[in-house]
Protein chains: 2
Amino acid sequence: MKLKMMYSFLNTDLNLIEKELEETIQAEQPLLRQAGLHLLQAGGKRIRPVFVLLAGKFGDYNIDKIKHVAVALELIHMASLVHDDVIDDAGMRRGKPTIKAKWDNKIAVYTGDYILARSLELMAKVEQIEAHKILAYSLVELNIGEIEQIRDKYNFDQNVRTYLRRIKRKTALLIAVSCQLGAVASDVPASIHRKLYLFGYYVGMAFQITDDILDFTATEEQLGKPAGSDLLQGNITLPVLFALQDPVLNSQINKISESTTYEEIQPLVRAIKQSSAIDYSTDISNRYLEKAYKILKELPQNRARNTLYNIAKFIGKRKF
Amino acid sequence: MKLKMMYSFLNTDLNLIEKELEETIQAEQPLLRQAGLHLLQAGGKRIRPVFVLLAGKFGDYNIDKIKHVAVALELIHMASLVHDDVIDDAGMRRGKPTIKAKWDNKIAVYTGDYILARSLELMAKVEQIEAHKILAYSLVELNIGEIEQIRDKYNFDQNVRTYLRRIKRKTALLIAVSCQLGAVASDVPASIHRKLYLFGYYVGMAFQITDDILDFTATEEQLGKPAGSDLLQGNITLPVLFALQDPVLNSQINKISESTTYEEIQPLVRAIKQSSAIDYSTDISNRYLEKAYKILKELPQNRARNTLYNIAKFIGKRKF
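Since we're looking at a predicted model, the values are computed, not measured.

Enquirer: What am I meant to see in the pattern of salt bridges here?
Expert: Side chains that differ in charge, positive against negative, can pair when their charged atoms come close. Applying the stated criterion to the full structure yields 26 salt bridges over all chains. Between Arg 169 of chain A and Glu 141 of chain A there is a salt bridge, with the nearest N and O atoms lying 2.7 Å from each other. Placement of Arg 169 of chain A in helix H9 (residues 160–184) and of Glu 141 of chain A in helix H8 (residues 129–151) is noted, with a sequence separation of 28 residues between them. Pair check on accessibility: Arg 169 of chain A and Glu 141 of chain A agree, each one buried. In this structure, Arg 151 of chain B engages Glu 148 of chain B in a salt bridge whose closest nitrogen and oxygen atoms are separated by 3.9 Å. Here Arg 151 of chain B and its partner Glu 148 of chain B are both found in helix H8 (residues 129–151), three residues apart, which amounts to about one turn of the helix. Of the residues examined, Arg 151 of chain B reaches a relative accessible area of 36% and is grouped as partly exposed. Among the charged side chains, a network of salt bridges with common partners joins Glu 141, Glu 148, Arg 151, Asp 152, Arg 166 and Arg 169 of chain A.

And the structure:
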């Protein structure tokens, strides 16, 4: 089953959110408008809005309220990508030139700031003060994760725990918070919105680990960027950490530096792809998914819960 | 009278705010902690916290509540400076190396993001939802102002209106909002907090125009950076706009480009300093100050009002 089919009952609301995303980003200022539209057109899975809406279904679901949270969280995600592309000096994302590549770093820094500010404007429409506290905390953690990612680049002497903490901050937390805020904005009781947070956290961890595996196993066409890009940029992901335990791969990985070229690492990328590092990583991803399934069983039975289950299952099997 | 003497009755509370600023910025993450402390030690007038506290005096003043607003607004100001220094490629600020100079652009982008996130965490302690709306709106405007500043660089064909709109967004709005949020967080009625907003706006405009004048009239020692830095970076400020009306100065200004050196513009900087462009600019600054005095008279008479008056007067006369 395709991902989108799983939540086709949300289509009307998701179309509304897509429209709101466009309207929010339609800045008067021409440069910001062009940069924003360019970002939107690059697409994306809009998985955060989907989680917001599904979590809202556990409470007093009102699309006119919850849409602000859904749009805000997608914008926060987009804003962080724009700044990440400055940091990573990335030319392409999702098969399209990045803002920093199409314009320059300066425009990208301010476009990221602007999109974040717009998202806060939407969040200010959410009355539950708890929602603001949760969001602010997750933004702080997100930024710590980003700084740590810079610090840990080309550092081959790090362990699985460092990696897991980093992807929690960089990815899982915002997905966890998407689930939680959709619930908080729909007045879902704390006992339930905390479980939705945990579900989002587990799924977010599995999602990022899968992403990091796909960087080795997917094709350039599927990724929209060359395979092995993470490794080339010195991002030490879970497959790399496992590969480092193999003496032959270890010595090859340790030779990677900022001057390493794409061509040079291709044999290594293929070797990692064929090594047991991929299986070990998949195993850890699956363990997070198991935890996600388990916490779901503690939630009230409804269509949203079934859909969350199907999405988690999909994430474990996705090929790109 | 020295600026600090005017509000010595706030000293206990301002010391508390300085301590909270330090604590907030004391990140666990070593890089962020060092960058944050470096920023704090560079000093600054902390004028935004002063306005927050003074505005709070018009209502139910509670330092334990209002301190969050004061610290948050100073942090937002600092975060925007960190990103500005990336954009301006600035090596020095207040006589100290900038974050981007001491570390690099990447660290500066994320440090700015991190400090903003910390400020939102503090703001989330403010219960009045109106405060969040006001702040989010001003962040959006601030970022539009920043993008416009890039767009308008080295564009000598702009008018006074463009300039005024830009400094409103870049500077005046955050000062206006400092006054307003101090009041909103102290449950000051709307009829009064809107006037405090206007006061802050007028004073903020005069403050920035004075800053732009001082870029020509102050010494390098007073400025912490070479005189004429704005012009050298292609920022067209009010004195420059008036100088452009002089045919001789006009042709010299129009020769400035990104490749112009500091030495090359010194004769021009001196010529603008001695021209009537400075008087015309001072005149506009004074007109804003007059409006600030006028709106103050509509506010309840108290010590805070007197202090706001003295600060406005000081801004009109400050030499650095």
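Enquirer: Which parts of the structure should I look at to understand the interface of chain A and chain B?
Expert: Interface size, as often reported, equals the accessible area lost upon joining of the parts. Each partner contributes to the interface: chain A provides 37 residues, whereas chain B provides 38 residues. Carbon and sulfur atoms make up 75% of the area that chain A and chain B hide from each other, which totals about 3600 Å². Its largest share of buried area at the contact with chain B, chain A owes to Ile 87, Tyr 110 and Ile 147 of chain A, together 20% of the area lost on that side. Summed over the shared surface of chain A and chain B, the result is zero salt bridges. Linking chain A to chain B there are six residue pairs in polar contact (both at pLDDT 80 or more). Secondary structure elements with two or more residues in the side of chain A that touches chain B: helix H3 (30–41), helix H5 (63–88), helix H7 (105–123) and H8 of chain A. Per element, the largest residue contribution to the side of chain A that touches chain B is 14 residues, and it comes from H8 of chain A.

Enquirer: Would you mind going over the confidence of the model for chain A with me for this structure?
Expert: This prediction gives chain A a mean pLDDT of 91; 99% of its residues lie at or above 70. Here the prediction assigns the complex a pTM of 0.88, and the interface score ipTM is 0.84.

Enquirer: Would you take a moment to explain the side chain of His 77 of chain B for this structure?
Expert: Residue and element names in this part refer to chain B. Relative to the helices and strands, His 77 resides in helix H5 (residues 63–88). A polar atom in the side chain of His 77 sits 3.4 Å from the side chain of Arg 48. Beyond its immediate stretch of four places on either side in the chain, His 77 contacts Arg 48, Arg 94 and Leu 174.

Cut-offs used in this document
- Residues numbered from 1 in each chain as written.
- Chains lettered and ligands numbered in written order.
- Predicted model: local features only at pLDDT ≥ 70, side-chain atom pairs only at ≥ 80, totals over all residues.
- Heavy atoms only, no water.
- Salt bridge = Lys/Arg side-chain N within 4 Å of Asp/Glu carboxyl O.
- Helix = DSSP H or I, 4+ residues; strand = E, 2+ residues; numbered from the N terminus.
- Buried < 20%, exposed > 50% of the residue type's maximum accessible area, 1.4 Å probe, protein only.
- Contact = heavy atoms within 4.5 Å.
- Buried area = accessible area lost by both parts, 1.4 Å probe.
- Polar contact = N/O pair within 3.5 Å; in protein donor to acceptor, adjacent residues only side chain to side chain.
- pLDDT = per-residue confidence, 0-100.

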